[in-house]
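Spelled out from the first residue to the last, the chains are:
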Amino acid sequence: MPRLVDDLRMHPGPQYRGSLCKMIVAAVRELPNAEKILARVPPESLATLEDCYGSSWVPARPYDDVAEALLAEVGLAGICRFFEGQATSWSESKLLGPIFKAGQRIFGLTPAGQLKWLGHGWRVTTRGMGELCTREWEDGLEVEVTGLPPSHRIPRMVASTEGSIRGLVLGYDAIPLIETDSSELAQGRIVYRVRWTMD
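Residues numbered from 1 in each chain as written. Predicted model: local features only at pLDDT ≥ 70, side-chain atom pairs only at ≥ 80, totals over all residues. Heavy atoms only, no water.

A. Layout of the state of the cysteines. Scanning all chains against the criterion turns up zero disulfides. Cys21 carries a free sulfur, and the closest cysteine sulfur to it, the one in Cys52, is 5.4 Å from it. (Disulfide = S-S within 2.5 Å.)

Laid out in structure tokens, this is it:
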């Protein structure tokens, strides 16, 4: 029976939505080196992620165990590529699909439409992980993450978020041009300045 992990009092700190956890584990299982990656993950963490309800909130540790195992095998560049590849499937998922479709209706069928709605996706899939907001910037958009908890002020978060942004832009057959500023990562802040050219 799926495990419902949804009591913030019992599990304080950062949390991820169960459906996101399930999508990440399923995607890792599709990788050529999945066996090596998952061998690094504590069995109890893997069981928590695979057995949770999609609508539940799961403490960040099990998810982070998988992400750290992936990082150990593929490095930061590989983390960026992995999350770039996941962005399209997220926009088609039951959890995030309606959010991204709303962004398309409001802002149009452009990368800007997806990116302007990205903060809503962040709030739906994370809890206790700070905020993400998007604003106009020169001839593109600025995506700012603030309030990251100390446990997640790490290069892996910089790379995974950049990969997600890249994937959303690529989903519109556009070429992303991203300037990443992680100079204030120790304070929980990352800024991505995003432009794109149409392919």
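B. Quick look at unusual backbone geometry. In the Ramachandran plot, Glu138 falls in the positive-phi region, its phi being about 45 degrees despite a non-glycine side chain. Assignment of secondary structure puts Glu138 in the loop between strand S4 (131–137) and strand S5 (140–146). Exposure remark for Glu138: the relative accessible area of 63% places this residue in the exposed category. For Asp173, which is not a glycine, the phi torsion comes out positive at approximately 55 degrees. Counting through the fold element by element, Asp173 comes out in the loop between helix H8 (155–170) and strand S6 (174–181). (Helix = DSSP H or I, 4+ residues; strand = E, 2+ residues; numbered from the N terminus. Buried < 20%, exposed > 50% of the residue type's maximum accessible area, 1.4 Å probe, protein only.)

C. The arrangement of the environment of Pro111 in detail. Examined against the element boundaries, Pro111 turns out to sit in helix H6 (residues 111–116). In this structure the C-alpha to C-alpha distance between Pro111 and Arg166, which are 55 residues apart in sequence, comes to 9.7 Å. In contact with Pro111, not counting residues within four places along its chain, are Val169, Tyr172, Ala174 and Trp196. (Contact = heavy atoms within 4.5 Å.)

D. Up close: the nonpolar core. Counting residues in hydrophobic clusters, the biggest one holds 48 residues, and the most contacted among them are Tyr63 and Tyr192. Top contributing element to this core by residue count: helix H4 (residues 60–91), with eleven residues. When residues no more than four places from it in sequence are discounted, the contact partners of Tyr63 are Tyr16, Leu20, Cys21, Ile24, Leu49 and Phe83. (Core = buried A, V, L, I, M, F, W, Y, C linked by side-chain atoms within 4.5 Å.)

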